[in-house]
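# Structural overview for review
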Amino acid sequence: MTSSHTDCHFCLQSLRGRKYALREENAYCVPCYDSLYANPCEECKQPIECNSKDLAYKGRHWHEGCFRCAKCSRSLVEKPFAAKDEVLLCTECYSDEYSSKCFHCQRTIMPGSRKMEFQGSSWHESCFVCQYCQQPLGTKPLITKDNENYCVPCFEKQFAHHCYSCKKVITSGGVTYHDQPWHKECFVCAGCKTQLSGQKFISKDEYPYCVDCFSRFYAKKCAACKKPITALGGAKYISFEERQWHGECFNCAKCSVSLVGQEFLTWQDDILCHKCGSA
């Protein structure tokens, strides 16, 4: 650059007919400007003179010819690049060295492209789709089965159990009764509607009943104590001529000796041991 400036601001030599550089309105001859202000090149360590193009990135500087990929040496001028541990790499070399591989297609997820993370694996956005409908999952709720991802509607359509009672999908937990799935809150006594999950119950005509309701509606009454005989838990009972007794109630009406497994006689509505009946 030539101008009407007469002297170098630093060495005071005449600038007439010479190139010079301006800095803060002061003129410098080229040697003085380079020695005072030229940035050192990050690659070759030589100063980037005022007549050279200075390429800067995060406070560091390069000659245009030195601004290259550290691995393949291709020029990075006006091209996308990435930095790793202060080393510049073209996108291809960076991808080969550091980029994640897509869990689905096993191809590199290029820098700058959108990456989905799920269960410790990385996916291309275009690969992170429902296995059934092939629609992108993005950040939608999803369910995984056999290492495949499904949107909730497709999973429910393909795999989810439907409650035998309300017919709605069982998303978690549930109870199996007569080989049919039930929501815990739907598995209730057919009589009083009390929830039976985790409780003792008795089946009648394919419907579950709590012990109290079954006893009230269906259980036979003991001829001795008049309480219901439920046989719950394997309790033994005795039946004779359309009458039933709890095992512990099947006793002689006179001497109260147990008649279970013994010969007995009947007298009107009573049962008697052989000794009392013969007296």
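Structure's up top.
Residues numbered from 1 in each chain as written. Predicted model: local features only at pLDDT ≥ 70, side-chain atom pairs only at ≥ 80, totals over all residues. Heavy atoms only, no water.

## Some details on the packing of aromatic side chains
Under the defined criterion, the tally for this structure stands at 21 aromatic pairs. A centroid spacing of 5.9 Å and a plane angle of 65 degrees characterise the contact between Y177 and W182, whose relative ring orientation is edge-to-face. With respect to burial, Y177 and W182 carry one shared label: buried. Each member of the aromatic cluster is reached from another via a ring pair, and the members are Y164, Y177, W182, F187 and F201. (Phe/Tyr/Trp six-rings, centres within 6.5 Å; stacked < 30°, edge-to-face > 60°. Buried < 20%, exposed > 50% of the residue type's maximum accessible area, 1.4 Å probe, protein only.)

## Notes on the pairing of strand β3 (residues 54–57)
Of the pairings in the sheet, the one linking β3 to strand β4 (residues 60–63) comprises 4 bridges and is antiparallel in character. From the neighbouring strand, Y57 faces β4, where its bridge partner is R60. Hairpin connection between β3 and β4: a loop of 2 residues separates the two successive antiparallel strands, and K58 in this loop has a positive phi of roughly 50 degrees. (Pairing = 2+ DSSP bridges. Helix = DSSP H or I, 4+ residues; strand = E, 2+ residues; numbered from the N terminus.)

## Quick word on helix α2 (residues 91–98)
Of the positions making up α2, those classed as buried are T91, C93, Y94 and S95. For α2, the secondary structure elements touched by its buried residues are β5 (81–84) and β6 (87–90). (Contact = heavy atoms within 4.5 Å.)

## Here's the deal with the pattern of salt bridges
Within this structure, the stated rule accounts for 4 salt bridges. With a closest N to O distance of 3.6 Å, R60 and E42 form a salt bridge. Placement of R60 in strand β4 and of E42 in the loop between α1 (30–37) and β3 is noted, with a sequence separation of 18 residues between them. Note on R60: relative accessible area 15%, which makes it buried. A salt bridge links E125 to R114, with the shortest nitrogen-to-oxygen separation between them at 3.0 Å. On the criterion of sequence distance, the pair formed by E125 in the loop between β8 (121–124) and β9 (142–145) and R114 in the loop between α2 and β7 (115–118) is long-range, its members being 11 residues apart. Overall, the relative accessible area of 36% leaves E125 in the partly exposed class. (Salt bridge = Lys/Arg side-chain N within 4 Å of Asp/Glu carboxyl O.)

## What to know about the environment of I238
Among the structural elements, I238 can be located in strand β19 (residues 237–240). You can call I238 buried: its relative accessible area is 19%. Separated by 23 residues in the primary sequence, I238 and G261 have C-alpha atoms spaced 9.8 Å apart. Non-local contacts of I238, meaning those with residues more than four positions away in its chain, are made with R243, Q244, W245, H246, G247, F250 and V260.

Just geometry here; none of it tells us what the structure is for.
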